Amino acid sequence: MLAEGPLLLEREAELVQLNDAIAAVHGGEAPLVVVRGVAGIGKTSLLDAAAVRAQRAGITVLAARGGAMERDLVFGVVAQLLERRVFGAPEGQRRRLLSGPARLAEAALHPGGTADGVPYELGALNHGLYWLIANLAEESPVMLVIDDAHWADTALLQFLLHLARRRAGLRVVTLVGARSDEPDAAAVLERILVEPGVGVIEPSALTAVGTATLLGQRSGAAPAPEAARAAYEVTGGNPFFLGEVGAALRTRPHDVPATVALIRSLVPSAVRHALLLRLGRLGASARATAEALAVLGDDAAVSDVAAVADRPRDDVLTTLARLAASGLSAAQTVTRFAHPIIRTAILSDLTAPRRALLHERAARALQARDAEPERVAHHLLGAEPAGRERDAELLAAVGTTALMQGDAVTAVSLLERAVAEPPAPGTVARVRLELGRARMSLADATGGAEDLAIALEATSDPDLRVEIAMQLGDALAALDRIDAAVEVLETASAQAPPDDALRLGVQRAALSLFDPARTSAAQRQMLDYASLNGDTPAQRGALANAAIALAFTPSARAVDVIAIARRALGDGQLIADALAPGVGCGPPVYALLLGGDLEGGDRELTHMQARARDRGSVLDALIYEDLRLEVCRQRGDLRLAAAHGVATLALVREWGEHGVGYQDRTASWRPWAARALAGLGEHDQAQALADEELALCRTWGAPGPLAAALRTAAMLGEPSAARSRLAEATTLLENTSHALEAARVATDLGIVERREGQRTAARETLARAADAALACGAVATAQRARAELVLLGARPRRLRLRGIDALTPSELRVATLAAAGLSNRQISQELFVSPKTVESYLGRVYGKLDVPGRAGLAAALAG
């Protein structure tokens, strides 16, 4: 049993909750507990006690702490937590830990950008870190301890949220310590706190009895009741402030009235002042050393402390011992304060010029020993610009890396500071380009456009000008300045080589679509690209735009659109060429699906799925799921379509958007609107819409939309033409994948046959329609066919959801992947969910299909 120290007084209930979390991880659960409260309430003591108990229970403890420096380091706290454990492991073990999606975590721990220069999504790095921790937990249970999370970088907090949503089944217990009175990180922390199953410990202030006990321990003598009462009133039972009051009493003995008077003078703000007075009594060297510690952060090298304090190294070592003896630092020769409040008090007492000077010294000391650029950059952020091009270069490099890691907020801070230094004339354009990109990532189109315009003016490099012009065009368009965007792109195009001119032209046409006066010309320009061969990435990008532009042209034919889309996609080459997740890939695939080429769409979606898996890209996965939904919908597999819809919504939540998708070029609102108007008695309007839809679809020529239009026209048009239209639709759908539409057409045809008195033919048609609809999961259509059969005197079987019909969309999706041979782990990686979630789904699947396990899945699903 851990010996309970003074800061664990009256913490029995909190320790029981932490013990329960430690025990739960051995039972296969993955507790996440947030310990939060005001400064000095004892959060760190509870976390330390839990870590000791976890180690005794055979759990691997990985700990990290937030701080002022870590706020400026993307994944800085994550690196504290995992870097030594991963990269200090033997090579074989390291390879295993970074296997599968966990390889993406290396970019968070050792930032260096991607081989193709494309920024990572923050979600991809979170995905990699999740699987790295899962791999660690395969070896033994793991405890993650993150203290002072309110001072952590945004990336760490986003990862904790990611982990909170997927922790089920991991042998991981996560403890997070955070101040409840620190507003900066409140938004993300609050989102973590409301996740289901997240535990919260809020240590309360000590009681009057606990106050007297702690005061006696710290002062060296049992306090008089009047003194204990005064201490309780002044400190509110805060353990840290009580400790400071006790320390003051130890050094200044008084009679009871004098003691009470002293205590009442030591309100929390005065306690902070008392800390500074205590420091001041230790002399100038102690003050300089403490200021250096405050600026450098925990565990700084003694040589760095000496440089920042401007004191000899031996003098600093002696001073550290004195700071420890006075209770200000953690221990002799340890460069860490006894409590974060001490560091806060010292920093708040520094004048702005003094703090800037100390940061300047820190930056120079770290540069002199080739420290990590990220740590140097942190101190440069706090120092005044000094016109050093080398500093600007370092800040720009670290800022670009932050952008590559998906943290645009940090990137903007670093790149703005690089601009202020300022950078060398030859690098201004590149720095401004990256700053513009970062601002655009934060939806700051105004700032982004200003930086990009400066970048364009600052360079004559033709390749760089193309890159800047592309970005500036987007920024200006976002500001609804289409004319300016077009002018920028036209100017850059005139000076660019052919392929770059083509890229610029494609973007110019795409942006021109947002200006009604330019729409027709832009549409013609896109259609002009249809004759390209697709030999280069630029040509394939142009063809992608031509395909979707033609698909939305009323006179277009599906066969022509399919041919262009296939050239654009190049059997997966367009997707492989994509310079950013999702860019340019979705529209041509969608064009294939609109044209009815479901098999071609399937092939391209397989390439997209592989890219999403390889990069851990949430956006690529989202587009894949959305388009796969469309494939399944057209094929009539409504269960899998719904499963892909559920996955799409989950990824939308992950991506942080409210929706994604494209409008159907066949304007599929017309059939629904026509039926609604008919129901309201507006037959003329309904008939007009149905006829318009049929004319558009005849020109388009894709069998699925045309069959649907024929079915609507048969329902709303002259009864004498209904049979021929439905027969035409039936012929169109033969040997296609449009199973659901075929079931709907057969149902309507059976109804027409019944009304015409062809009872035997109607029974056969409707029975076939009911079975086909049920196979698609279209219960409403199946019930409609069954009701018609009852009118004919037949006794069709009741519609019962059993076997495969009883599976939910998500269960069916998981079952399909399992039947294809994927392990639970592989399925969870594919669907961006936890292995425990997959295990839960499969358990329900086995019960509903009445199979003992995976061995029977394929047969059950086929049946």
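Just so you know, these numbers come straight off a predicted model, no measurement behind them.

How each quantity is defined
- Positions within a chain are numbered from 1, following the residues in the order the chain's sequence is written.
- Local features in this predicted model are restricted to residues whose pLDDT is 70 or higher, and side-chain atom pairs enter the listing and the counts only when it is 80 or higher, whereas totals over whole chains, interfaces and linings include all residues.
- Derived side-chain values reflect all non-hydrogen atoms in the structure, with water molecules and hydrogen atoms excluded from consideration.
- Within this document, salt bridges are pairs made up of a side-chain nitrogen of Lys or Arg and a carboxyl oxygen of Asp or Glu, the two lying within 4 Å of each other.
- Secondary structure elements are defined from DSSP: runs of H or I of at least 4 residues count as helices, runs of E of at least 2 residues count as strands, and each element is numbered from the N terminus.
- Under the scheme applied here, a residue whose accessible area is under 20% of the maximum for its type counts as buried, over 50% as exposed, and between as partly exposed, the area being computed with a 1.4 Å probe on protein chains only.
- Multiplying one less than the number of residues by 1.5 Å gives the expected span of a helix.
- Working rule for contacts: check all heavy atoms of both residues, and any pair within 4.5 Å makes them a contact.
- A pocket here means an open set of points on a 1 Å grid, computed over the protein atoms alone, that has protein on both sides within 12 Å along at least five of seven lines. A cavity is instead a set of points where a 1.4 Å probe fits but cannot get out; residues with an atom within 4 Å of a point line either one.
- Grid points are joined across faces, edges and corners, and a volume is the space filled by probe spheres set on the points.
- Whether two strands pair depends on DSSP finding at least two bridges between them.
- The angle between two axes is taken between their N-to-C directions and runs from 0 to 180 degrees, where each axis is a line fitted to C-alpha atoms and a helix contributes only its stretch in contact.
- Roughly parallel means an angle under 35 degrees; roughly antiparallel means over 145; roughly perpendicular covers 65 to 115; every other angle is labelled oblique.
- By the definition used in this description, the sense in which the near helix is turned from the far one sets the handedness, with an anticlockwise turn below a right angle giving left-handed and a clockwise turn giving right-handed.
- Amino acids are sorted into nonpolar (Ala, Val, Leu, Ile, Met, Phe, Trp, Tyr, Cys and Pro), charged (Asp, Glu, Lys and Arg) and polar (every other residue, Gly among them).
- Think of it like this: strands point away, you trace from the first strand over the helix to the second, and a clockwise trace means the crossover is right-handed.
- Each nonpolar core is a collection of buried residues, namely Ala, Val, Leu, Ile, Met, Phe, Trp, Tyr and Cys, held together in the definition by side-chain atoms within 4.5 Å.

Enquirer: Teacher, can you tell me more about the pattern of salt bridges here?
Expert: For side chains bearing opposite charge, pairing can occur when the charged atoms are close. Here the structure, examined in full by the defined rule, presents 48 salt bridges. As a salt-bridge pair, E360 and R388 come within 3.1 Å of each other at their nearest N and O atoms. Of this pair, E360 sits in helix 18 (residues 352-368) while R388 sits in the loop between helix 19 (373-382) and helix 20 (389-404), and the two are 28 residues apart along the sequence. Across the pair R540 and D577 runs a salt bridge, and its minimum N-O distance is 2.7 Å. Taken together, the residues R540 in helix 28 (residues 537-551) and D577 in helix 30 (residues 573-577) connect sequence positions 37 residues apart. Given the relative accessible area of 9%, R540 is considered buried. Overlapping salt bridges, with partners in common, bring together E416, R432, R439, D444 and D451 in one network.

Enquirer: Whenever I open this one, helix 29 (residues 558-569) confuses me. Can you help?
Expert: Counting along an α-helix, one turn takes 3.6 residues, and residues three or four places apart therefore face a common direction. Between its terminal C-alpha atoms helix 29 stretches 16 Å, which fits the 16 Å expected from 12 residues at 1.5 Å a residue. Taken as a whole, helix 29 has its buried residues at A558, V561, I562, I564, A565, A568 and L569. Buried residues belonging to helix 29 abut helix 28, helix 30, helix 31 (586-594), helix 32 (598-615) and helix 36 (683-700). Once helix 29 ends, the next one or two residues include G570, with phi positive near 55°.

Enquirer: How should empty space enclosed by the protein be read in this particular structure?
Expert: Enumeration over the complete set of coordinates arrives at one cavity of 30 Å³ or more. The space that makes up the largest cavity amounts to roughly 100 Å³. Considering the residues around the largest cavity, the lining is formed by Q609, A612, R613, A621, Y624, E625, R813, Q829, E830 and F832. Of all the secondary-structure elements, those providing two or more residues to the lining of the largest cavity are helix 32, helix 33 (618-635) and helix 43 (824-831).

Enquirer: I'm lost on the sheet that holds strand 2 (residues 60-65) in this one. Help?
Expert: Hydrogen bonds along the backbone pair up the strands of a sheet, which may run parallel or antiparallel. Across the sheet, which stays open at both edges, the five strands sit in the order 2-3-4-1-5 with parallel pairing between neighbours. The open sheet is flanked by strand 2 and strand 5 (199-201), the only strands paired with a single partner. Taken pair by pair, the neighbouring strands of this sheet meet at an average axis angle of 15°, ignoring direction. As paired strands, strand 2 and strand 3 (residues 142-147) are joined by six bridges and run parallel to one another. Among the inter-strand pairings, R65 is bridged to a residue of strand 3, identified as D147.

Enquirer: Would you mind going over the packing of helix 23 (residues 445-457) against helix 24 (residues 462-478) with me for this structure?
Expert: If you want to describe how two helices pack, look at the angle between their axes and the distance between the axes. One can describe the packing of helix 23 onto helix 24 by two numbers: an axis separation of 9 Å at closest approach and a directional angle of 150°. As judged from the angle between their axes, helix 23 and helix 24 are roughly antiparallel. Viewed along their axes, helix 23 and helix 24 form a crossing whose handedness is left-handed. Together, A445, G448, A449, L452, A453, A455 and L456 of helix 23 and R465, I468, A469, Q471, L472, A475, L476 and A478 of helix 24 make up the contact between the two elements. Residue classes in the contact of helix 23 with helix 24 are distributed as 12 nonpolar, two polar and one charged.

Enquirer: Sorry, what's going on with the pairing of strand 4 (residues 172-179) here?
Expert: Each regular strand shows side chains that alternate between the opposite faces of the sheet. Burial runs high along strand 4: eight of the eight residues are buried. Here strand 4 shows two buried faces, one formed by V172, T174, V176 and A178 and the other by V173, L175, G177 and R179. As paired strands, strand 1 (residues 32-37) and strand 4 are joined by six bridges and run parallel to one another. Bridge pairing in strand 4 links R36 to A178. Alignment of strand 3 against strand 4, held across five bridges, turns out to be parallel. Each bridged residue has a counterpart across the sheet, and for V142 the counterpart in strand 4 is V172. Viewed along the sheet, the connection from strand 3 through helix 7 (residues 154-164) into strand 4 turns out right-handed.

Enquirer: Is there a simple way to explain helix 20 in this structure?
Expert: Its 16 residues place the ends of helix 20 22 Å apart at the C-alpha level, agreeing with the 22 Å of an ideal helix rising 1.5 Å per residue. Those residues of helix 20 lying buried are D391, A392, L394, L395, A396, V398, G399, A402, L403 and M404. Those residues of helix 20 that are buried are in contact with helix 18, helix 19, helix 21 (408-420) and helix 22 (428-441). One or two steps after helix 20, the chain reaches G406, where phi turns positive at roughly 90°.

Enquirer: Would you mind going over the nonpolar core with me for this structure?
Expert: Nonpolar side chains tend to gather and get buried jointly when the protein is soluble and globular. Core analysis: the biggest nonpolar cluster contains 74 residues, and F75, L82, L129, L132, L144, I146 and L156 have the highest contact counts within it. Here this core takes nine residues from helix 6 (residues 122-139), the largest share from any one element. Excluding residues within four positions of it along the chain, F75 makes contact with A108, L122, L125, N126, L129, D153, A155 and Q405. Membership of the second largest hydrophobic core comes to 41 residues, among which are A530, A556, L594 and V631.

Remember, this is a structural readout, not a statement about activity or role.
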